[in-house]
Amino acid sequence: GNEWFPNTLARGAKLEAAGFRFMGMGVSGGEEGARNGPSLMPGSTHEAYEMMEPILTKIAAQVDDGPCVTYVGELGAGNYVK
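Trainee: Mind laying out the side chain of serine 44, listing which residues take part and the relevant values?
Mentor: Of note, serine 44 is situated in the loop between β2 (39–43) and α3 (46–59). Judged by relative accessible area, which is 1%, serine 44 ranks as buried.

And the structure:
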């Protein structure tokens, strides 16, 4: 399952205080996503997303108009959207 977004916010605050960037992410796709790539819904600072974007676009499901991943908002947004 996916994490409840308030837990993501709490983890992010704790890790940020220690100098780490944290990204919460909703992941969808089930069995098909495990085989062919999932739909990813990352939430973080935009800076953290930009750092991870090259990796996320490669592991996400690929469809005719591109990878199934986009920045959905601040920390917690990805889990909330999922």
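Trainee: Before we move on, could you go through the pattern of salt bridges and cite the residues and values that matter?
Mentor: Any two side chains of opposite charge can pair, on the condition that their charged atoms come close. One pass over the full model with this rule turns up three salt bridges. The residue arginine 11 makes a salt bridge to glutamate 3 at a minimum N-O spacing of 3.1 Å. We classify arginine 11 as partly exposed; its relative accessible area is 39%.

Trainee: Provide a residue-level description of helix α1 (residues 5–17), including the pertinent values.
Mentor: For α1, spanning 13 residues, the distance from its first C-alpha to its last is 19 Å, which sits close to the expected 18 Å at 1.5 Å a residue. Phi turns positive one or two residues past the end of α1, at glycine 19, with a value near 95°.

Trainee: Could you give an account of the packing of aromatic side chains, naming the residues involved and the relevant values?
Mentor: Under the counting rule described, the total for this entry stands at two aromatic pairs. With centroids separated by 5.1 Å and ring planes inclined at 85°, the aromatic side chains of phenylalanine 5 and tyrosine 80 adopt a geometry described as edge-to-face. Linking phenylalanine 5 in helix α1 with tyrosine 80 in helix α4 (residues 77–81), this pair joins segments that are 75 residues apart in sequence. Phenylalanine 5 sits in the partly exposed class, given a relative accessible area of 29%. Look at tyrosine 80 and you get exposed, because its relative accessible area is 60%. Ring geometry for tyrosine 49 and tyrosine 71: centres 5.5 Å apart, planes at 45°, overall tilted. Of the two residues, tyrosine 49 sits in helix α3 while tyrosine 71 sits in the loop between β4 (66–67) and α4, which places them 22 residues apart along the sequence. When its relative accessible area of 22% is taken as the criterion, tyrosine 71 is described as partly exposed.

Trainee: Run through the side chain of threonine 8, naming residues and quoting values.
Mentor: Mapped onto the fold, threonine 8 is located in helix α1. Taking relative accessible area as the criterion, threonine 8 reaches 3% and is therefore assigned buried. Within the structure, threonine 8 has its side chain in polar contact with the side chain of asparagine 79 (distance 2.9 Å). Here threonine 8 is in contact with Glu3, Phe22, Gly24, Leu75, Gly76 and Asn79, once residues within four sequence places are set aside.

Scoring rules and cut-offs
Residues numbered from 1 in each chain as written. Predicted model: local features only at pLDDT ≥ 70, side-chain atom pairs only at ≥ 80, totals over all residues. Heavy atoms only, no water. Helix = DSSP H or I, 4+ residues; strand = E, 2+ residues; numbered from the N terminus. Buried < 20%, exposed > 50% of the residue type's maximum accessible area, 1.4 Å probe, protein only. Salt bridge = Lys/Arg side-chain N within 4 Å of Asp/Glu carboxyl O. Expected span 1.5 Å × (residues − 1). Phe/Tyr/Trp six-rings, centres within 6.5 Å; stacked < 30°, edge-to-face > 60°. Polar contact = N/O pair within 3.5 Å; in protein donor to acceptor, adjacent residues only side chain to side chain. Contact = heavy atoms within 4.5 Å.

Read these as layout, nothing more, since geometry by itself doesn't imply function.
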